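Chain by chain, the residues run as shown.
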Amino acid sequence: MIKNVSVIGAGTMGNGIAHVFAQNGFLVTLIDVSAAQLEKAVATIAKNLDRQVAKETISEDQKKAALANITTQTAIAAGVQNAQLVIEAATENTELKLKIFKQIDEAAPEGCILATNTSSISITKIAAATKRPALVVGMHFMNPVPVMKLVEIINGYSTTKEVTHLIVDLSKQLGKIPCVVNDYPGFIANRILMPMINEAIYSLYENVAGVEEIDTVMKLGMAHPMGPLQLADFIGLDVCLSILKVLQDGFGNPKYAPCPLLVNMVMAGKSGIKTGEGFYIYRDGSKELVVSERFK
Ligand code: NAD
């Protein structure tokens, strides 16, 4: 039975993953190279738990218990030594993930399952960096993790059925809804989402319509909660670009080629919410959506 879970990377996704495991009674070791990032992550988790208390979805005692279940660590070797499951949620970079998986494989106990939260990198490639490819699996949470129900579970080429079943059951224990898919570029979520976002950017680039019109058509016409351009800003345009490149390389099909406008925006440092500007401008604390001057 899994009780001890180590989460590597304490960024946007890592803190959310640590949050849901800790809230469901697992003992979580949250690991990051940056001590400052770990401090920030624990503060974010506390703030998000406070929000749940205010909404009366959890009690003050449950919040305290969740926080008490989390410890932090800056060294991978020390942080995974008692783990039954490690979930890697570090920066989306293939070389970095291969290096991290080698380190985890050397330090984690025999039998420990190694999962990655990658959005697009091949699970099979990551698994091949370890001596336990049968125990490597994709566990793709959605952002924000405490809110979003879906977990896309990805079978690598060598992942055993037992490991997949165990991760499916575990996701259910977290109150999530798992969907099992196979390991091909972009899996399902991003294989379908990213071409839609790219097409929305092409529609803007070719002046078919403006930012607000494109997002409004998709929100009202297709009942999407957020338009594709706003969603791209939320995900990060740099992340969208890197996933499209994975699809383009992986399938060798030009239909996945990123729109030149997306490439330009990333080069200009306009990567969406995290940089303060993408298709929209994000002012401190403002909830109002304002289209970037560049697209008016
Ligand atoms: P992020 O940039 O917010 O966080 C990444 C963290 O990894 C940083 O805190 C960084 O310090 C840490 N890190 C880097 N190298 C490390 C190392 N060697 N050891 C330990 N920690 C290290 O990134 P994120 O948005 O949380 O994304 C993490 C993963 O989740 C990526 O693979 C991404 O593709 C995937 N993902 C992201 C989203 C999203 O919407 N942001 C959604 C689903 C999946």
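As the structure is a computational prediction, the values presented were derived from the model and not from experiment. Positions within a chain are numbered from 1, following the residues in the order the chain's sequence is written. Reporting of local features is limited, given that this is a predicted model, to residues whose pLDDT is at least 70; pairs of side-chain atoms are given and counted only at 80 or more, and all residues count toward the totals for whole chains, interfaces and linings. Computation of side-chain values: all heavy atoms of the structure, hydrogens and water removed.

Caption draft 1: Layout of the sheet that holds strand E8 (residues 177–182). When DSSP finds two or more bridges between two strands, those strands count as paired. Numbering of helices and strands runs from the N terminus, with a helix taken as a DSSP run of H or I at least four residues long and a strand as a DSSP run of E at least two residues long. The sheet built from eight strands is open, its strands ordered E3-E2-E1-E4-E5-E6-E7-E8 with mixed pairing. Two strands close off the open sheet at either side, each with one partner strand: strand E3 (70–73) and E8. With direction set aside, neighbouring strand axes in the sheet form an average angle of 25°. Any two residues having at least one pair of non-hydrogen atoms within 4.5 Å are treated as being in contact. In this analysis, axes come from line fits to C-alpha atoms, helices being fitted only over the stretch in contact, and the angle between any two N-to-C directions falls in the range 0 to 180 degrees. Helix H7 (residues 161–173) contacts strand E4 (85–88), strand E5 (113–116), strand E6 (136–141), strand E7 (150–155) and E8 of the sheet and is inclined by roughly 175° relative to E7.

Caption draft 2: Geometry of the site of the ligand. Near the ligand you find 22 residues, and of these Met13, Asp32, Glu92, Lys97 and Ser119 are the closest. Within 3.5 Å is the distance limit for a polar contact, defined as a pair of N or O atoms, with the added protein rule that one can donate a hydrogen and the other accept it, and that residues adjacent in sequence qualify only through two side-chain atoms. Take methionine 13: an N or O atom from its main chain is 2.8 Å from an oxygen atom of the ligand. Lysine 97 places a polar side-chain atom, nitrogen or oxygen, 2.8 Å from an oxygen atom of the ligand. Accessible surface is estimated by sampling points in the Shrake-Rupley manner with a 1.4 Å probe; for residues, cover comes only from the protein chains shown. For the ligand, whose free accessible area comes to 830 Å², the fraction covered by protein is 82%. When residues of the shell around the ligand are traced back to their parent elements, those giving at least two are helix H1 (12–23), helix H5 (94–107) and E6. It is H5 that contributes the most residues to the shell around the ligand, three residues altogether. Here the shell around the ligand is composed, by residue class, of nine nonpolar, 10 polar and three charged. In these notes, residues near a molecule or strand are those with any non-hydrogen atom within 4 Å of it. Under the scheme applied here, ten amino acids are nonpolar (Ala, Val, Leu, Ile, Met, Phe, Trp, Tyr, Cys and Pro), four are charged (Asp, Glu, Lys and Arg), and all others, including Gly, are polar.

Caption draft 3: A look at H1. For a helix, the expected span equals 1.5 Å multiplied by the residue count minus one. An ideal rise of 1.5 Å per residue puts 16 Å on 12 residues; H1 measures up with 17 Å between its terminal C-alpha atoms. Within H1, 10 of the 12 residues are buried, leaving the element largely enclosed by the surrounding structure. All buried positions along H1 are accounted for by Met13, Gly14, Asn15, Gly16, Ile17, Ala18, His19, Val20, Phe21 and Ala22. A positive phi of about 90° marks glycine 25, the residue just after H1. Exposure is judged per residue with a 1.4 Å probe applied to protein chains only, and the accessible area is read against the type maximum: over 50% gives exposed, under 20% gives buried, and values in between give partly exposed.

Caption draft 4: Up close: the packing of aromatic side chains. Stacked, tilted and edge-to-face are the three classes applied to pairs of Phe, Tyr and Trp rings, where Trp contributes its six-membered ring and a pair requires centres within 6.5 Å; stacked means planes under 30 degrees apart, edge-to-face means over 60, and tilted covers the rest. Counting across every chain of the model gives four aromatic pairs. Ring geometry for phenylalanine 21 versus phenylalanine 26: centroids 5.2 Å apart, planes at 80°, classification edge-to-face. The two residues phenylalanine 21 and phenylalanine 26 agree in class, both being buried. Aromatic side chains tyrosine 202 and tyrosine 205 sit 6.0 Å apart centroid to centroid with 70° between the ring planes, which places their arrangement in the edge-to-face category. Taken together, the residues span about one helical turn, with tyrosine 202 and tyrosine 205 both in helix H8 (residues 189–205) at a distance of three residues.

Caption draft 5: Local environment of helix H9 (residues 211–222). For H9, with 12 residues, the first-to-last C-alpha span of 16 Å sits near the 16 Å given by 1.5 Å per residue. Buried residues of H9: Val211, Ile214, Asp215 and Met218, and no others. The arc that holds every buried residue of H9, seen down its axis, measures 90°, which confines them to one face. Exposed residues pointing more than 90 degrees away from the buried face of H9 are listed as Val217, Leu220 and Gly221. Packed against the buried residues of H9 are H8, helix H10 (228–235), strand E9 (280–281) and strand E10 (290–291). Think of it as the arc spanned by the lines of direction from the helix axis to the C-beta atoms.

Caption draft 6: Highlighting the packing of H8 against H10. Viewed as axis vectors pointing N to C, H8 and H10 meet at an angle of 115°, and their least axial separation amounts to 9 Å. Here the hand of the crossing between H8 and H10 comes out left-handed. On H10, the residues touching Leu193, Met194, Met196, Ile197, Ala200 and Ile201 of H8 are Pro228, Leu229, Leu231, Ala232 and Ile235. Classifying every residue of the contact of H8 with H10 by side-chain character gives 11 nonpolar, no polar and no charged. Take the far helix as your reference; a near helix turned counterclockwise from it by less than a right angle gives a left-handed crossing, and one turned clockwise gives a right-handed crossing.

Caption draft 7: Inspection of the nonpolar core at higher detail. The definition of a nonpolar core used throughout is a set of buried Ala, Val, Leu, Ile, Met, Phe, Trp, Tyr and Cys residues joined through side-chain atoms within 4.5 Å. Core analysis: the biggest nonpolar cluster contains 37 residues, and Phe21, Leu85 and Phe141 have the highest contact counts within it. Here the element with the most residues in this core is H1; it accounts for six residues. Ignoring anything within four residues of it in the chain, the contact list for phenylalanine 21 reads Val5, Phe26, Val28, Leu85, Ile87, Met139, Phe141, Leu170 and Leu174. Of all hydrophobic cores here, the second largest spans 25 residues; its members include Ala200, Ile201, Leu241 and Val291.

Caption draft 8: Quick peek at the environment of asparagine 190. Mapped onto the secondary structure, asparagine 190 falls in helix H8. Assessed through its relative accessible area of 6%, asparagine 190 is described here as buried. Considered as a pair, asparagine 190 and leucine 244 are 54 residues apart in the sequence and their alpha carbons are 8.7 Å apart. With residues near it in sequence (within four places) discarded, asparagine 190 still touches Ser119, His140, Pro195, Ile243 and Leu247. Polar contacts involving the side chain of asparagine 190 include one to the main-chain carbonyl oxygen of serine 119, which spans 3.1 Å.

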